Amino acid sequence: LRASGLVPRVWRPRVAQVSLTAGKGSVVKYIHGQQTVAYWWPQENRFWCRKPYDLVIKHPNKFAA
C-alpha cells in the first residue's frame, strides 16, 4: 500500500499540526480529532507516527527540498 500511493488518494484525515516549545527544545504534534497520532522532534530529527497514519503523514525532512 505504501509504495502504490493509493491510501493518500482515498483516505485524507484532517490532521492538525501544533508546535510546542519547552526547556529542552520544540516538538510538533500531529492531532486527528482528540488523538495525537504523530510527533516530530526537529532538534533531534526524530519522528514517530502511529499506524495507519504513517501512510498519509510523512517525515517532515523527507519531503523538504
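Before reading on, note that the structure itself is shown above.
Within every chain, residues take consecutive numbers counted from 1 along the sequence as written. Given that this is a predicted model, residues contribute local features only at a pLDDT of at least 70 and side-chain atom pairs are listed and counted only at 80 or more, while totals for whole chains, interfaces and linings are drawn from all residues. Hydrogen atoms and water are omitted, and side-chain values are computed over all heavy atoms in the structure.

## Topic: the sheet that holds strand 1 (residues 16-22)
In a beta sheet, neighbouring strands are held together by backbone hydrogen bonds and run either parallel or antiparallel to one another. Stated formally: In this analysis, strands are considered paired if DSSP registers two or more bridges between them. Every helix listed is a DSSP run of H or I at least four residues long, and every strand listed is a run of E at least two residues long, numbered separately from the N terminus. All axes here are fitted lines through C-alpha atoms, helices being fitted over the stretch that makes contact, and every angle between N-to-C directions spans 0 to 180 degrees.
Taking strand neighbours across the sheet as the criterion, the four strands line up as 1-2-3-4 in an open arrangement whose pairing is antiparallel. Bordering the open sheet on either side are strand 1 and strand 4 (46-49), each of which pairs with just one other strand. Averaged over neighbouring strand pairs, the angle between their axes works out to 25° when direction is ignored. The pairing of strand 3 (residues 35-41) with strand 4 spans four bridges and is classified as antiparallel. If you follow Trp41 over to strand 4, its bridge partner there is Arg46.

## Some details on the nonpolar core
What counts here: By convention a nonpolar core is built from buried Ala, Val, Leu, Ile, Met, Phe, Trp, Tyr and Cys residues, the set being connected through side-chain atoms within 4.5 Å. A simple rule labels every residue: compare its accessible area, found with a 1.4 Å probe on the protein chains alone, to the largest value its type can have, and call it buried under 20%, exposed over 50%, or partly exposed in between.
Grouped together as the largest cluster of nonpolar side chains are eight residues: Val28, Tyr30, Val37, Ala38, Trp40, Cys49, Tyr53 and Ile57. Of all elements in the fold, only strand 2 (25-32) and strand 3 reach the threshold of two or more residues within this core. At three residues, the largest contribution of residues to this core is made by strand 3.

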